[in-house]
Amino acid sequence: MFNLEQLSAAHPLASSYGWDAGYAESFAPFAEQGFLPGRIVRVDRGRVDAVVPDGDGVTTVLADTALVATSDPTRVPCTGDWAAVDLVNGPGGGVVRATLPRRTAFVRSTSSKRSEGQILAANVDHAVIAVSLAVELDLGRVERFVTLSWESGAQPLIVLTKADLVGDPVTLSHLVEDTQSTAPGVQVLAVSAATGEGLEVLAAVLAGGTAVLLGQSGAGKSTLANALVGTDVQDVRATRDQDGKGRHTTTTRDLLPLPGGGVLIDTPGLRGVGMWDAESGLTRTFSDIEELAAECRFHDCAHEAEPGCAVLEAVEHGVLAQRRLDSYRKLLRENQRIVAKTDARLRAEMRRTWKQQQMLGRHMMERKRGGGGQRR
Ligand code: GDP
Ligand code: ZN
């Protein structure tokens, strides 16, 4: 029978797919029932590909999700989820019995009623926001992606791509500084897939967990993914799985192990993900404005024309850029529109489970850091 003890930090499920003590703790009751822990690497209507332990290695199995699919779209297993897999059909396939509580989740925003609240990726630690240096910096767009990332629970990281196209190092450092000033608490890295600049640093940051790549089309995400994975991602996606002993099944995956450790989730739908009730993400992205707002004379100050408004005063004194305040207002309005359109009951339900899960996730991660002495 499967023994949880065999999943040491050196086991590929941990070193390549992100299994850790926190997940082991929430999985314990399922281990007793003889189920295997599996990371979902791809979803396809009612079925998923999951990577499960197989002795000292891992193997990919096809598993049915009919037993966990509920009317709540946020509960449907998604790429990045950890699942309890029951290999009822022998080693070739199985059934997902449950998914472990999510630490983070990216949610699709759409006007289509049907896919409301659809989770695109779960348990993401790092949201890598690709911003091209080949075109003029659009800080408003950066703020939008940073907001989405915070909202998901993942730590944002901004990579300014195609750094080779900026000839002058002084100009480059100014661009990094400008970006930095719009994203408090977020690391900004200049990288170039062409010269390799910054890629080692990026790989080292991502080595500790699960990452996604976000950004506008043309920002250099595919090129970056290829550079990080070390092979053409398209080829890696449709891979001959030889991790397991003697098994050679062709499988496709949206979750790709990185050679330096860590794993990249690259699902086509995720890259240009939209806003979805990102109120707490906005608070985090614009923490500087929120801090100023606490100093406004009126508690419910809208920072429009009120006397004693600390936000407007900061703009007047050049402490806060008018552009940033406009961007904040624009994203707030956009968020309110989405919230108004979304079913209130679903939203409340989602928010509730989500916050619980995030709290649980943080608790687990803190325990992990405290106990295992893991460094970031
Ligand atoms: P995606 O749409 O975000 O996936 O962007 P791609 O990876 O397809 O890249 C868009 C374009 O930028 C392509 O023509 C790439 O060759 C180019 N590109 C990507 N990375 C770099 C880089 O580091 N330097 C330069 N000069 N061009 C790059
Ligand atoms: Zn104010």
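Reference entry: report on the structure contained in this document. (Residues numbered from 1 in each chain as written. Chains lettered and ligands numbered in written order. Predicted model: local features only at pLDDT ≥ 70, side-chain atom pairs only at ≥ 80, totals over all residues. Heavy atoms only, no water.)

Things to note about the overall build of the chain
Formally: In this description a helix means any DSSP run of H or I spanning at least four residues, a strand means any run of E spanning at least two, and both kinds are numbered starting from the N terminus. Burial classification: accessible surface area is computed with a 1.4 Å probe over protein chains only, and a residue below 20% of its type maximum counts as buried, one above 50% as exposed, and the rest as partly exposed. Here, two residues are considered to be in contact whenever any of their heavy atoms come within 4.5 Å of each other. Per-residue accessibility takes into account occlusion by the displayed protein chains alone, with areas from the Shrake-Rupley method and a 1.4 Å probe.
Helices and strands together make up the secondary structure of the chain, namely 12 helices and 15 strands. Here the chain holds 376 residues, and the buried ones make up 50% of them. Considering only contacts within the chain whose residues lie at least 6 apart along the sequence, 67% involve residues at least 24 apart. Surface exposure of the chain reaches about 17500 Å², of which carbon and sulfur atoms provide 50%.

Some points on the coordination of the zinc ion (ligand 2)
The criterion, for reference: Coordination shells were defined by N, O and S atoms within 2.8 Å of each metal, extended to 3.2 Å for Na, K and Ca; water is absent from the atom set, which can make sites look incomplete. Each label reflects the angles at the metal, where four donors whose angles all fall between 85 and 135 degrees are tetrahedral, four or six donors whose opposite pairs open beyond 155 degrees and whose other angles stay between 65 and 115 are square planar or octahedral respectively, and the rest are irregular.
For the zinc ion (ligand 2), the full set of protein donor atoms is Cys296 (SG), Cys301 (SG), His303 (ND1) and Cys309 (SG), and the range of their distances to it is 2.1 to 2.4 Å. With four donor atoms in place around the zinc ion (ligand 2) and angles of 103 to 115° between them, the coordination shape is tetrahedral. The class of Cys296 is buried, set by a relative accessible area of 8%. Its relative accessible area of 11% is what places His303 among the buried residues.

Quick notes on the packing of helix H3 (residues 139-152) against helix H4 (residues 169-182)
Short version of the rule: The convention used is that axes are lines fitted to C-alpha atoms, helices contributing only their stretch in contact, and that angles between N-to-C directions extend from 0 to 180 degrees. Should an angle fall under 35 degrees it is called roughly parallel, over 145 degrees roughly antiparallel, and 65 to 115 degrees roughly perpendicular, with every other angle called oblique. Definitions for this section: a left-handed crossing has its near helix turned counterclockwise from the far helix by less than a right angle. A right-handed crossing has that turn clockwise. Nonpolar residues are Ala, Val, Leu, Ile, Met, Phe, Trp, Tyr, Cys and Pro. Charged residues are Asp, Glu, Lys and Arg, and all others, Gly as well, are polar.
Relative to each other, H3 and H4 sit at 50°, their axes nearing to 10 Å. As summarised for this structure, H3 and H4 are arranged oblique, according to the angle between their axes. Note on packing geometry: the crossing formed by H3 with H4 is right-handed. Facing Leu139, Val142 and Glu143 of H3, the residues of H4 in contact are Asp178, Thr179 and Thr182. Partitioning the contact of H3 with H4 into residue classes produces two nonpolar, two polar and two charged.

Focus: the environment of Asp56
Relative to the helices and strands, Asp56 is located in the loop between strand E2 (47-54) and strand E3 (57-64). Along the sequence, Asp56 and Leu13 sit 43 residues apart, while their C-alpha atoms lie 9.3 Å from each other. The residues contacting Asp56, other than those within four sequence positions of it, are His11 and Pro12.

So, the pairing of strand E4 (residues 82-86)
Put simply, the test is: Only strands joined by at least two bridges in the DSSP assignment are considered to pair.
The element E4 is largely enclosed, with a buried count of five among its five residues. Neither face of E4 is open: one carries Trp82, Ala84 and Asp86, the other Ala83 and Val85, and all of them are buried. Pairing analysis gives four bridges linking E4 to strand E5 (residues 93-99), with the strands arranged antiparallel. Looking across to E5, one finds that Ala84 is bridged to Ala98.

Looking at the packing of helix H5 (residues 199-206) against helix H6 (residues 221-229)
Running from N to C, H5 and H6 point in directions that differ by 75°, and their axes come no closer than 11 Å. By the criterion of interaxial angle, the relationship of H5 to H6 is roughly perpendicular. Between H5, through Leu199, Leu202, Ala203 and Leu206, and H6, the contact on the second element is made entirely by Leu224, Ala227 and Leu228. A per-class count over the contact of H5 with H6 returns seven nonpolar, no polar and no charged.

Focus on the site of ligand 1
The condition is simple: Residue proximity to a molecule or strand is established when one non-hydrogen atom of the residue lies within 4 Å of it. For this analysis, a polar contact is any N or O atom pair within 3.5 Å, provided that within protein one partner can donate a hydrogen and the other can accept it, and provided that sequence-adjacent residues contribute only side-chain to side-chain pairs.
In the neighbourhood of ligand 1, 15 residues make up the surrounding shell, with Asp164, Gly218, Lys221, Ser222 and Thr223 lying closest. The side chain of Lys162 places a nitrogen or oxygen atom 2.8 Å from an oxygen atom of ligand 1. Between ligand 1 and the protein, one listed contact pairs an oxygen atom with a side-chain N or O atom of Thr223 at 2.5 Å. Considered on its own, ligand 1 offers 570 Å² of accessible surface; in the complex 67% of this is hidden by protein.

Observations concerning the nonpolar core
Stated formally: For our purposes a nonpolar core is just a set of buried Ala, Val, Leu, Ile, Met, Phe, Trp, Tyr and Cys residues, chained together by side-chain atoms within 4.5 Å.
Counting residues in each nonpolar core, the largest one holds 51 residues, and the members touching the most others are Trp19, Phe27, Phe106 and Ile158. For this core, the element with the highest residue contribution is H3, accounting for six residues. Membership of the second largest hydrophobic core comes to 20 residues, among which are Leu199, Leu206, Ala219 and Leu256.

Concerning the sheet that holds E4
Reading around the circumference, E1-E2-E3-E5-E4 is the order of the five strands in this closed barrel, with mixed pairing throughout. Averaged over all pairs of adjacent strands, the angle between their axes in this sheet comes to 55°, without regard to strand direction. Summarising the sheet, strand E1 (residues 36-44) and E4 pair through four bridges and their orientation is antiparallel. Counted as the bridge partner of Pro37 is Ala84 from E4. Sheet contacts for helix H2 (residues 21-32): E1, E4 and E5; angle to E4, the most-contacted strand, approximately 25°.

Regarding the packing of aromatic side chains
Any pair of aromatic rings gets described here by the distance separating the centres and the angle formed by the planes. Note the threshold: Side-chain rings of Phe, Tyr and Trp, where Trp is taken by its six-membered ring, are said to pair if the distance between their centres is within 6.5 Å; with planes under 30 degrees apart they count as stacked, over 60 as edge-to-face, and otherwise as tilted.
Applying the stated criterion across every chain, the model contains six aromatic pairs. Plain terms: the ring middles of Trp19 and Trp82 are 5.0 Å apart, the flat faces sit at 70° to each other, and that makes the pair edge-to-face. Of this pair, Trp19 sits in the loop between helix H1 (12-15) and H2 while Trp82 sits in strand E4, and the two are 63 residues apart along the sequence. For the pair Trp19 and Trp82, one class covers both residues: buried. Summarising the aromatic geometry, the rings of Phe27 and Phe30 are spaced 5.9 Å apart at their centres and angled 40° between planes, so their arrangement reads as tilted. Linking Phe27 with Phe30, this pair stays in helix H2, spanning three residues, or about one helical turn.

Coordinates in, geometry out; function isn't part of it.
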